[in-house]
Amino acid sequence: MTFLELKPLILGKKFVTSHFVRNGKIAEEPAFWGMTVRSAGSMRFRWNEKNPAREELLSRIAFPCTAVPVQLDHTKIVYSIEEKNDTFNKIGDGILTRNKNLMPVVTVADCMPIYFSDNETGFFGVVHSGWKGTGIAAEAVSLAVKEFGARKENIAVAIGAHIRNCCYIVNKERADYFVKNFTAECVEPLKDGEIPCKGAALSWNNGGGQLFRLSLEKANLCVLAQAGIRDENIVVATDCTCHNPEFGSNRRETSVGETFTVQAAFVKREDAAGVVGGV
């Protein structure tokens, strides 16, 4: 596994990008992954709404390619697309393609963006994995094998910035769900008197009882391992969107009465040299 911190790259920027890894080293294929940050403003997307700021920024990032969105609904639905209109009016949480003229985009706000790239078949894509959608990464791998003939051992995966267990405090019901469906290693009881970092709203306790720290990272690493992805082909961003105010965060911002900042997670198959670090 390769771990990296995005924070040094995003100060004063509107988005951050990074590379995939293969065999523990930066991958040779010209694919990169990225995400907008709080300073870019809300990247909220609905088919029946207009968001000019989002359209302008994503068109700049995508150029000369075309940004392709999907309206998320915390599902495990992933689309395999060939043309820019293949997701039009569709609801789901992931996009895969081999068309290098397209830039798949999903939205996140504490939830985990998971990115994919394969230098053999040329497919790349991104999915939105919230707690309800944990497991969507396996759906993406299965779809890549079926639609593109990808070999699991050759797929590179990046886990982007998301709310980490320093801030993701959940009740027993949700903790039990993750233990049952993923791995016991992804939950940790909150110790008596232990105070989570600022931004981890205890109001999410839903009426009292034992609280737990939840690691979406460990849950999804379990999913990826079971799906056949090799550890040495995975890179993990260590930034916590809730803890780091440079990122938008549902939990942090709503806990103080603010509207949370939706971010766009994107993946593009092109030399990233011109845009690394943001604009």
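Keep in mind it's a predicted model, so treat the numbers as computed, not measured.

## Quick notes on the side chain of histidine 162
Argument step 1. Here histidine 162 lies in the loop between strand S12 (156-159) and strand S13 (169-171).
Argument step 2. Note on histidine 162: relative accessible area 1%, which makes it buried.
Argument step 3. A polar contact is formed between the side chain of histidine 162 and the backbone oxygen of glycine 160, at a distance of 2.8 Å.
Argument step 4. If sequence neighbours within four positions are ignored, histidine 162 has contacts with Asp110, Cys111, Met112, Leu216, Glu217, Ala237, Asp239, Cys240 and Thr241.

## Looking at the pattern of salt bridges
Argument step 1. Counted by the stated rule, this structure contains 9 salt bridges.
Argument step 2. Across the pair glutamate 56 and arginine 60 runs a salt bridge whose closest N-O atoms are separated by 3.7 Å. Within this pair, glutamate 56 and its partner arginine 60 are both found in helix H2 (residues 52-62), separated by 4 residues, close to a single helical turn.
Argument step 3. Of the residues examined, glutamate 56 reaches a relative accessible area of 40% and is grouped as partly exposed.
Argument step 4. The class of arginine 60 is partly exposed, set by a relative accessible area of 43%.
Argument step 5. Across the pair glutamate 153 and arginine 151 runs a salt bridge, and its minimum N-O distance is 3.2 Å.
Argument step 6. Here the residues in one salt-bridge network are Arg38, Glu253 and Glu258, joined through shared partners.

What counts, and at which threshold
Residues numbered from 1 in each chain as written. Predicted model: local features only at pLDDT ≥ 70, side-chain atom pairs only at ≥ 80, totals over all residues. Heavy atoms only, no water. Helix = DSSP H or I, 4+ residues; strand = E, 2+ residues; numbered from the N terminus. Buried < 20%, exposed > 50% of the residue type's maximum accessible area, 1.4 Å probe, protein only. Polar contact = N/O pair within 3.5 Å; in protein donor to acceptor, adjacent residues only side chain to side chain. Contact = heavy atoms within 4.5 Å. Salt bridge = Lys/Arg side-chain N within 4 Å of Asp/Glu carboxyl O.

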